[in-house]
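# Structural features, examined
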Amino acid sequence: MKKPDSNVMEKIISLCKRRGFIFPGSEIYGGLANSWDYGPLGVELKNNIKQLWWKRFVHQRDDMAGIDAALIMNPKVWEASGHLKEFSDPLVECKKCKRRFRADHIEGNSCPDCGGELGQPRQFNLMLKTFLGPAEEKANEVYFRPETAQAMFVDFKNVLETNRKKLPFGIAQVGKAFRNEVTPGNFIFRMREFEQMEIEYFIKEENWQEAFEHWKKEMWGWMTESLGLDKKNIHEFEVPDGERAHYSKRTIDFEYEYPFGRKELYGLAYRADFDLKNHFKEAPYQDIEAGEILYPHVIEPSFGVDRSVLALLCDAYHEESERVVLKLKPALAPYKVAVFPLLKNKPELVAKAREVYDEVKKEFTAAWDDRGNIGKRYYAQDEIGTPYCVTFDFDSIKKHDVTVRDRDTAKQERVKIKELKNFLNEKLS
Ligand code: GAP
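Counting restarts for each chain: residues are numbered from 1 in the order of the written sequence. Local features are withheld for residues below a pLDDT of 70 in this predicted model, meaning they are given only at 70 or higher, and side-chain atom pairs are given and counted only at 80 or more; totals for whole chains, interfaces and linings count all residues. Calculation of side-chain values draws on the structure's entire complement of heavy atoms; hydrogens and water are dropped beforehand.

### Quick look at the packing of helix α2 (residues 40-59) against helix α7 (residues 208-226)
Two numbers describe a pair of packed helices, the interaxial angle and the distance between the axes. Definition in use: Simply put, an axis is a line fit to the C-alpha atoms, just over the touching stretch for a helix, and the angle between two N-to-C directions goes from 0 to 180 degrees. The helix and strand labels rest on DSSP assignments: H or I over at least four residues marks a helix, E over at least two residues marks a strand, and numbering proceeds from the N terminus. Reported orientations rely on four angle classes, namely roughly parallel under 35 degrees, roughly antiparallel over 145, roughly perpendicular from 65 to 115, and oblique for the rest. Working rule for handedness: look at the near helix, and if it is turned counterclockwise from the far one by less than a right angle, call the crossing left-handed; if clockwise, right-handed. Note on definitions: a residue-residue contact is assigned when non-hydrogen atoms from the two residues lie within 4.5 Å. Residue type decides the class: Asp, Glu, Lys and Arg count as charged, Ala, Val, Leu, Ile, Met, Phe, Trp, Tyr, Cys and Pro as nonpolar, and the leftover types, Gly among them, as polar.
Running from amino to carboxyl end, α2 crosses α7 at an angle of 140°, the nearest separation of the two axes being 12 Å. Regarding the angle of α2 to α7, the classification is oblique. Handedness of the crossing formed by α2 with α7: right-handed. Side by side, α2 and α7 meet where Ile49, Leu52, Trp53, Arg56 and Phe57 of the first sit next to Trp215, Glu218, Gly221, Trp222, Glu225 and Ser226 of the second. Looking at the contact of α2 with α7, its residues break down into six nonpolar, two polar and three charged.

### Describing the pairing of strand β20 (residues 337-341)
Just so we agree on the cut-off: Here's how the labels work: a residue is buried when its accessible area is under 20% of the maximum for its type, exposed when over 50%, partly exposed in between, all with a 1.4 Å probe on protein chains only. By the convention used here, strands pair only if DSSP detects at least 2 bridges between them. Seen with its strands pointing away from the viewer, a crossover is right-handed when the path leading from the first strand over the helix to the second is clockwise.
In terms of residue burial, β20 counts as a mostly covered element, since five of its five residues are buried. Judged from the three bridges that link them, β20 and strand β21 (residues 366-368) form a sheet pairing that is parallel. By the bridge assignment, Ala338 is partnered in β21 with Ala367. Crossover β20 to β21 through helix α10 (residues 347-360) is right-handed. Bridge count for β20 against strand β22 (residues 388-392) is five bridges, and the pairing is parallel. From the neighbouring strand, Phe340 faces β22, where its bridge partner is Thr391.

### Some details on the nonpolar core
As a reminder of what qualifies: Here, the term nonpolar core denotes a set of buried Ala, Val, Leu, Ile, Met, Phe, Trp, Tyr and Cys residues that are joined through side-chain atoms within 4.5 Å.
Membership of the largest hydrophobic core comes to 62 residues, with the highest contact counts inside it found for Trp222 and Ile299. Apart from residues no more than four positions distant in its own chain, Trp222 is found in contact with Ile49, Leu52, Trp53, Arg56, Phe57, Met197, Leu227, Tyr266 and Phe303. One finds Met73, Val77, Val159 and Val298 within the second-largest nonpolar core, a separate group that totals 27 residues.

### Let's talk about the site of the ligand
Convention followed: If even one non-hydrogen atom of a residue comes within 4 Å of a molecule or strand, that residue is called near it. We define a polar contact as two N or O atoms separated by no more than 3.5 Å, with the added condition that, inside protein, one atom must be a possible hydrogen donor and the other a possible acceptor, whereas residues neighbouring each other in sequence contribute only through side-chain atom pairs. Accessible areas in this description were obtained via Shrake-Rupley with a 1.4 Å probe; residue shielding takes into account the shown protein chains only.
What surrounds the ligand is a group of 20 residues, the closest being Glu147, Met191, Glu198, Glu264 and Leu265. Met191 is positioned with one of its backbone polar atoms (N or O) 2.7 Å from a nitrogen atom of the ligand. In the model, an oxygen atom of the ligand is placed 3.1 Å from a nitrogen or oxygen of the Gln196 side chain. When the ligand sits alone it has 550 Å² of accessible area, and the protein chains cover 91% of it.

### Some remarks on unusual backbone geometry
Following Leu167, the chain continues to Pro168 via a peptide bond in cis, the omega torsion being -5°. Mapped onto the fold, Pro168 is located in the loop between α6 (156-163) and β10 (169-178). Located in the positive-phi region is Arg164, a residue other than glycine, with phi close to 45°. If you trace the backbone, Arg164 turns up in the loop between α6 and β10. Overall, Arg164 belongs to the exposed group, its relative accessible area being 77%. With a phi close to 55°, His400 is a non-glycine residue in the positive phi region. For His400, the position within the fold is in the loop between α12 (394-399) and β23 (401-406).

### Brief notes about the sheet that holds β22
With mixed pairing, five strands are arranged side by side in an open sheet as β21-β20-β22-β23-β24. Each of the sheet's edge strands pairs with one partner strand only, and the pair in question is β21 and β24 (412-416). Strand-to-strand twist across the sheet, computed as the mean angle between neighbouring axes with direction ignored, equals 25°. Lying on the sheet, α10 is in contact with β20, β21 and β22; it crosses β20 at an angle near 165°.

### Topic: a nonpolar patch on the surface
Put simply, the test is: Within this analysis, patches are made of residues with over 30% relative accessible area and no salt bridge. Like charges are joined at 9 Å or less; nonpolar side chains (Val, Leu, Ile, Met, Phe, Trp, Tyr) at 5 Å or less. Whenever Lys or Arg places a side-chain nitrogen within 4 Å of a carboxyl oxygen from Asp or Glu, that contact is recorded as a salt bridge.
Where nonpolar side chains cluster on the molecular surface, the patch consists of Leu343, Phe394 and Ile397 and spans about 220 Å² of accessible area. Checked against the element boundaries, Leu343 lands in the loop between β20 and α10.

### Some remarks on α7
Think of an α-helix as turning once every 3.6 residues; residues three or four places apart then point the same way. For the record, the criterion: Here, expected helix span is obtained from the residue count minus one, scaled by 1.5 Å.
Over its 19 residues, α7 runs 25 Å from end to end, which matches the ideal 27 Å to within 8%, given 1.5 Å per residue. Taken residue by residue, α7 has Trp208, Ala211, Phe212, Trp215, Lys216, Glu218, Met219, Trp220, Gly221, Trp222, Met223 and Ser226 as its buried positions. Immediately downstream of α7, the backbone of Gly228 shows phi near 75°, a positive value.

### Observations regarding the packing of helix α1 (residues 6-19) against helix α9 (residues 305-316)
Here α1 crosses α9 at 110°, and the two axes come no closer than 11 Å. Classified by the angle between their axes, α1 and α9 sit roughly perpendicular to one another. α1 and α9 meet at a crossing whose hand is right-handed. Note on element contacts: α9 touches α1 through Leu310, Leu313 and Cys314, opposite Met9, Ile12 and Cys16. Partitioned by chemical class, the residues of the contact of α1 with α9 number six nonpolar, no polar and no charged.

### Details of the state of the cysteines
Convention followed: To count as a disulfide, a pair of cysteine sulfur atoms needs to be within 2.5 Å.
Across all of its chains, the model carries zero disulfides by this definition. Take Cys94: it sits in no disulfide, and the sulfur closest to it among the cysteines is that of Cys114, at 3.6 Å. Cys314 forms no disulfide, and the closest cysteine sulfur to it belongs to Cys16, at a distance of 8.9 Å. Its relative accessible area of 14% is what places Cys314 among the buried residues.

This is the structure in structure tokens:
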């Protein structure tokens, strides 16, 4: 296991703030405990992750259908799903400083902050409550969803009937989830408002092990091929009996070596027929050929969006002599290309470079920079992960070509302007 390195984490947080990836939420009002806002570059990175995920798991498969459900559902959903009763963490309070902690995150009986004596642990429900409608009364109490998953169960019959799916098939959703976490923290690792990308994959009971293995492989593929995370930073953890969520018969956590230690990135669970049985009085699926009516079982690959962002930033962050480089896969980088005029004060260069920029940005997310010297501009783009920088110089006017500089190798080559889009397409694909 890698040694936790808070220094690296501080550098990443500072880079995120300085370059517009992630800001503290409500900052001008002193912030709001562990809420974070994605800035101009952060939203590009996050959208790239979500789009890649949707493409891989929804568009490129025949056995998947997507939904986008309401964040607030009828409270009966949470009664049936067991969340109102079971979705809790053990909380302890320090008798001296009154700070509260997750009992299962504390080693020993004393307060990690002041050394004071801790009270008895009690269960604290994580559901985030609010009121729907003007009256703040019991009848109007509702909850923000703590997972996107339940909508896939509640909408199961609607999807089945409108989509003519047959087992095995899955329903996917990307969206926000809310949890009243006792101790949020570690930047965007544990938040009270976060995003999930989830799949509920419906199967016949006898096929659950096979489907579980299939999704385990798919999750590895996503992490290493799609995100390009370094395999050696990822570990599987078989969650033992007694530690799994109330609905799960088997869970594997994929853990990542964050700078603050090895912790959960994603989860893969076998939810059996727990959810559909709780929501539907009668079995919701009929196998016409076999003449059977049954409750499908469920394999659930669950991916946190924010944890994907965090793992990517940690994996991509490199310090090389005097430069910092975010070695993001080009498909994920906020900008694919940056375009510069060699000098800002030469109108003929600026105008021609602008023409190149206007052309390039029709096809790729592109940045324009004309400040400072070229070296500084390269470093500024390296730090945000831009794979290619294009410079228009005096030779460009005569030769109709530009310099293209590669982020990872720092090598430069001349490319004809009319071939630039093809060149970039080839490199970025
Ligand atoms: N539907 C199953 C489910 O919600 P989970 O393990 O509680 O399972 C799934 O959450 C994923 O959501 C986690 O693996 C993690 O990536 C992300 N996640 C959970 N709680 C989070 C939080 N407080 N902040 C950020 N991400 C979180």
